[in-house]
Amino acid sequence: DGGITQSPKYLFRKEGQNVTLSCEQNLNHDAMYWYRQDPGQGLRLIYYSQIVNDFQKGDIAEGYSVSREKKESFPLTVTSAQKNPTAFYLCASRVNTGELFFGEGSRLTVL
Amino acid sequence: AQSVAQPEDQVNVAEGNPLTVKCTYSVSGNPYLFWYVQYPNRGLQFLLKYITGDNLVKGSYGFEAEFNKSQTSFHLKKPSALVSDSALYFCAVRDLGTSGTYKYIFGTGTRLKVLA
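Rules and cut-offs
- Residues numbered from 1 in each chain as written.
- Chains lettered and ligands numbered in written order.
- Predicted model: local features only at pLDDT ≥ 70, side-chain atom pairs only at ≥ 80, totals over all residues.
- Heavy atoms only, no water.
- Helix = DSSP H or I, 4+ residues; strand = E, 2+ residues; numbered from the N terminus.
- Buried < 20%, exposed > 50% of the residue type's maximum accessible area, 1.4 Å probe, protein only.
- Polar contact = N/O pair within 3.5 Å; in protein donor to acceptor, adjacent residues only side chain to side chain.
- Contact = heavy atoms within 4.5 Å.
- Phe/Tyr/Trp six-rings, centres within 6.5 Å; stacked < 30°, edge-to-face > 60°.
- Lys NZ or Arg CZ within 6 Å of the ring centre and 35° of its normal.
- Buried area = accessible area lost by both parts, 1.4 Å probe.
- Salt bridge = Lys/Arg side-chain N within 4 Å of Asp/Glu carboxyl O.
- Nonpolar A, V, L, I, M, F, W, Y, C, P; charged D, E, K, R; others polar.
- 1 Å grid on protein atoms, 1.4 Å probe; cavity = no way out; pocket = protein on both sides within 12 Å on 5 of 7 lines; lining within 4 Å.
- Points joined across faces, edges and corners; volume = space filled by probe spheres on them.

What follows concerns the side chain of Ser-93 of chain A. All names here are of chain A. Following the sequence through the fold, Ser-93 ends up in strand β9 (residues 87-94). We classify Ser-93 as buried; its relative accessible area is 0%. Within polar-contact distance, the side chain of Ser-93 engages the side chain of His-29 at 2.7 Å. Sequence-distant contacts of Ser-93, defined by excluding residues within four places in its chain, comprise Ile-4, Leu-27, His-29, Ala-31, Met-32, Glu-99, Leu-100 and Phe-101.

Right, let's talk about the packing of aromatic side chains for a bit. Here the structure, examined in full by the defined rule, presents 18 aromatic pairs over all chains. Through a chain of ring-to-ring contacts, the aromatic side chains of Tyr-33, Tyr-35, Tyr-48 and Phe-102 of chain A together with Phe-34, Tyr-36, Phe-46, Phe-90, Tyr-104 and Phe-106 of chain B assemble into a single cluster. Across from the ring centre of Phe-74 of chain A, 5.9 Å away, lies the NZ or CZ of Arg-68 of chain A, which sits over that ring. One Lys or Arg, Lys-78 of chain B, reaches over the ring of Phe-63 of chain B and ends 5.0 Å from the middle of that ring.

This part is about unusual backbone geometry. In most cases, non-glycine residues show a negative phi, while peptide bonds are predominantly trans. Cis geometry is adopted by the peptide bond preceding Pro-8 of chain A, which originates at Ser-7 of chain A and carries an omega value of -10°. Counting through the fold element by element, Pro-8 of chain A comes out in the loop between β1 (4-7) and β2 (10-13). Residue Asn-28 of chain A is not a glycine yet carries a positive backbone phi of 60°. Phi at Tyr-61 of chain B takes a positive value of approximately 60°, unusual for a residue other than glycine. On the secondary structure map, Tyr-61 of chain B appears in the loop between β7 (56-58) and β8 (64-68).

So, on to the side chain of Glu-64 of chain B. Within the secondary structure, Glu-64 of chain B sits in strand β8. A residue is classified by how much of its surface remains accessible, and Glu-64 of chain B, at 18% relative accessible area, is buried.

Residue and element names in this part refer to chain A. Here Tyr-64 lies in strand β7 (residues 64-66). Look at Tyr-64 and you get buried, because its relative accessible area is 5%. Linking Tyr-64 and Ile-46, residues 18 residues apart in sequence, is a C-alpha distance of 7.6 Å. Looking at Tyr-64, its side chain comes within polar contact range of the side chain of Tyr-89, at 2.9 Å.

Contacts between chain A and chain B engage 24 residues on the former and 23 residues on the latter. With both chains or domains summed, chain A and chain B bury close to 1900 Å², and 50% of this area falls on carbon and sulfur atoms. Applying the counting rule to chain A against chain B returns two salt bridges. Salt-bridge contacts for Glu-104 of chain A lead to Arg-42 of chain B; the nearest nitrogen and oxygen are separated by 2.2 Å. At the junction of chain A with chain B, the criterion picks out 10 residue pairs in polar contact (both at pLDDT 80 or more). Elements supplying a minimum of two residues to the side of chain A that touches chain B: β4 (32-38), β5 (42-51), β9 and β10 (100-102) of chain A. Among the elements that take part in the side of chain A that touches chain B, β5 of chain A stands out by supplying five residues, more than any other. Residue composition of the side of chain A that touches chain B, by class: nine nonpolar, nine polar and six charged.

Taken as a whole, the largest pocket holds about 430 Å³ of empty space. Around the largest pocket, the lining is made up of 25 residues, and of these Gln-37 and Pro-39 of chain A together with Gln-38, Leu-88 and Arg-111 of chain B lie nearest the centre. Those elements that provide at least two residues to the lining of the largest pocket are β4, β9 and β11 (106-110) of chain A together with β10 (87-96) and β12 (110-115) of chain B. Here the lining of the largest pocket gets three residues from one element, more than from any other, and that element is β11 of chain A. Considered as a void within the structure, the second largest pocket measures approximately 200 Å³ in volume. Lining of the second largest pocket is provided by 13 residues; of these, Phe-101, Phe-102 and Glu-104 of chain A together with Leu-44 and Gln-45 of chain B occupy positions nearest its centre. At the level of secondary structure, the elements contributing two or more residues to the lining of the second largest pocket comprise β10 of chain A together with β6 (44-50) of chain B.

In structure tokens, the structure reads:
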């Protein structure tokens, strides 16, 4: 079945470490997105990408980086520059009919 | 820039009663509006969308939404609530970002509790 796979589902990190969250889709969708979810703040856009080797900053890109070397993959790196990285991270791709299709999320906790 | 607002953090409704989850929007041009549902520790699931056409949009699991241009609202509704409808609901609007790529702006979410 087609879908989006995010891994790991749970991740613990020490302060000062970079971590990379994986997002892989087999839906053949062009556009992909990363959101951060915090309680009471909804979803906030980190980065998005329409095509391979091209991506744009969202509203809260500081402290994050992405790459889009393959259509299927859009990994997110949370760097040590991100001041408060503990959150639930959601990856999504855009369906041809206009809505987003989401992965199951990755929960990052900084110890 | 486009935006959506969900004025209620939480909505409580008795099982079997109708439910409404509110969303208002601020857009330039014609809005593309969406509703999603999220269960605990899961991703978001698409419920329905408004692009053009009929103001009453029907979606998954018996949900519908009414687009009201004069009131700039897109409220989510269901005639008879189920306990299993208890979840977090998000309204979203599509915006045009840089490089001509669409981006999606989400509201802060409304927690729906259906009481047995």
